[in-house]
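Summary of the model geometry
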Amino acid sequence: DAKTTQPPSMDCAEGRAANLPCNHSTISGNEYVYWYRQIHSQGPQYIIHGLKNNETNEMASLIITEDRKSSTLILPHATLRDTAVYYCIVRVRSAAGNKLTFGGGTRVLVKP
Amino acid sequence: GAVVSQHPSRVICKSGTSVKIECRSLDFQATTMFWYRQFPKQSLMLMATSNEGSKATYEQGVEKDKFLINHASLTLSTLTVTSAHPEDSSFYICSAVQLGVTNEKLFFGSGTQLSVL
C-alpha cells in the first residue's frame, strides 16, 4: 500500500470547517483513499473513501486532486466531538486486501 | 451498520498470567479478522490476520507463540496474550471483514486496554 503523509496536528474552531490534508504521491491507479478517525481510547471509525471523484456523506467531504497525489478531508462544521486522530490510508479495494496500514495520522483538536 | 464487539474493554493482570481477548461480529459473518496493537500516542500496528478455520498470519516481529489467535467460527476470534509481561501492556483492537462482500469498510471493535503489573 502507498505511503501517506499527514501533518501531525492541527487545531480547529468549533463551528468552522476543518480541512485535513493528505499527500499520497506514490498512489497507484487501483488504490483508493480512505479516511478513518480514532477518538481517544476507542476503535477507529470509518469516515469516507474515494477513488477519483470527490465524495460526500453525512460525516464529511473528500476532495481528491486530479493527479490523485493528494486529498483533503473536510469536516464542514466541526464540533467538540470531532476531536480525534484522523488517518488517511490508501489501499487496493479487494476482499483479499482488506487489511489497513495506519500511518501517524493528524491529531485534530476542536476548540470552543 | 455492522457491529464488532470486543471484550473485555479493560483488564489488569499480574505478570506471568495469560489474558484472553474476544472479538465478535454481532450481525454479520466475518471470515477475516485483524488484530492491532497500539501504544500510547502511537498509531495502530497490525499484529496478525485471523482467518476462520485456518492458522493466523502474523506480521513480521510478532511472536505467534506469545500472541495466540483462534478464529473457530465466523463470528468469533480470540487473542490470548500468554505469559504476559509489563511490556505487553497496550491497547489491543480487532477489526472484521464482512463475509462474501468486497467490503471497503472494515469494522473495528472498541479496543481492550491491557495493563500488566
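For the structure itself, look to the data block above.
Let me sum up the structure you'll find in this document. (Residues numbered from 1 in each chain as written. Chains lettered and ligands numbered in written order. Predicted model: local features only at pLDDT ≥ 70, side-chain atom pairs only at ≥ 80, totals over all residues. Heavy atoms only, no water.)

1. Regarding the interface of chain A and chain B
A common way to express how large an interface is: the accessible area buried when the components associate. Counting residues at the interface gives 21 residues for chain A, matched by 21 residues for chain B. Roughly 1600 Å² is buried in total at the junction of chain A and chain B, and carbon and sulfur atoms are behind 57% of that figure. At the level of elements, β3 (31–38), β4 (45–50) and β8 (84–92) of chain A are the ones that each hand at least two residues to the side of chain A that touches chain B. Broken down by element, the residue count for the side of chain A that touches chain B peaks at three residues, all from β3(A). Residue composition of the side of chain A that touches chain B, grouped by class: eight nonpolar, nine polar and four charged. (Contact = heavy atoms within 4.5 Å. Buried area = accessible area lost by both parts, 1.4 Å probe. Helix = DSSP H or I, 4+ residues; strand = E, 2+ residues; numbered from the N terminus. Nonpolar A, V, L, I, M, F, W, Y, C, P; charged D, E, K, R; others polar.)

2. Description of the environment of S9(A)
Residue and element names in this part refer to chain A. Mapped onto the secondary structure, S9 falls in strand β1 (residues 9–13). Sequence-wise, S9 and C88 are 79 residues apart; in three dimensions their C-alpha atoms are separated by 13 Å. Residues within four places of S9 in sequence aside, it is in contact with T106 and R107.

3. A few points about the pairing of strand β7 (residues 70–75) of chain A
All names here are of chain A. Across six bridges, the pairing between strand β2 (residues 18–23) and β7 is antiparallel. Of the residues in β7, the one forming a bridge with A18 is L75. As paired elements, strand β6 (residues 61–64) and β7 share four bridges and run antiparallel to each other. Within the sheet, the bridge partner assigned to S61 lies in β7 and is I74. Adjacent in sequence and paired antiparallel, β6 and β7 are bridged by five residues, among which R68 carries a positive phi angle near 65 degrees. (Pairing = 2+ DSSP bridges.)

4. Remarks on the pattern of salt bridges
Residues and elements named next belong to chain A. Tallied over the entire structure, the rule returns four salt bridges over all chains. In this structure, D11 and K111 form a salt bridge, with 3.0 Å as the shortest nitrogen-oxygen distance. Residue D11 is located in strand β1, and its partner K111 is located in strand β9 (residues 106–111); the two are separated by 100 residues in the primary sequence. Note that D82 is salt-bridged to R37, the shortest N-O span being 2.8 Å. Of this pair, D82 sits in the loop between β7 and β8 while R37 is found in strand β3, placing the two residues 45 residues apart along the sequence. Both residues of the pair, D82 and R37, count as buried. (Salt bridge = Lys/Arg side-chain N within 4 Å of Asp/Glu carboxyl O. Buried < 20%, exposed > 50% of the residue type's maximum accessible area, 1.4 Å probe, protein only.)

5. Focus: the pairing of β3(A)
A regular strand places its side chains so that they alternate between the two faces of the sheet. All names here are of chain A. For β3, a buried count of eight out of eight residues is recorded, marking the element as mostly surrounded by other parts of the structure. Here β3 runs beside β8; their pairing, made up of eight bridges, is antiparallel. Residue pairing across strands places E31 opposite V92, the latter belonging to β8. With five bridges connecting them, β3 and β4 associate as antiparallel partners. Directly across from V33, in β4, lies its bridge partner G50. Linkage of β3 to β4, two consecutive antiparallel strands, is achieved through a turn of six residues, within which S41 is found at a positive phi near 65 degrees.

6. Some remarks on the sheet that holds strand β7 (residues 67–73) of chain B
All names here are of chain B. Read across the open sheet, the four strands follow the order β1-β3-β8-β7; overall the sheet is antiparallel. The strands lining the two open edges of the sheet, one partner per strand, are β1 (4–7) and β7. Direction aside, neighbouring strands of the sheet carry axes that sit 15 degrees apart on average. Bridging between β7 and strand β8 (residues 76–81) involves five bridges; their strand directions are antiparallel. What sits directly across from N70, in β8, is T78. (Axes fitted to C-alpha atoms, helices over the stretch in contact; angles between N-to-C directions.)

7. So, the sheet that holds strand β5 (residues 55–56) of chain A
Residue and element names in this part refer to chain A. The sheet built from four strands is open, its strands ordered β2-β7-β6-β5 with antiparallel pairing. On the outer flanks of this sheet lie β2 and β5, each paired with one strand and no other. As judged from the two bridges shared by β5 and β6, these two strands associate in the antiparallel manner. Its bridge partner lying in β6, T56 is registered against S61.

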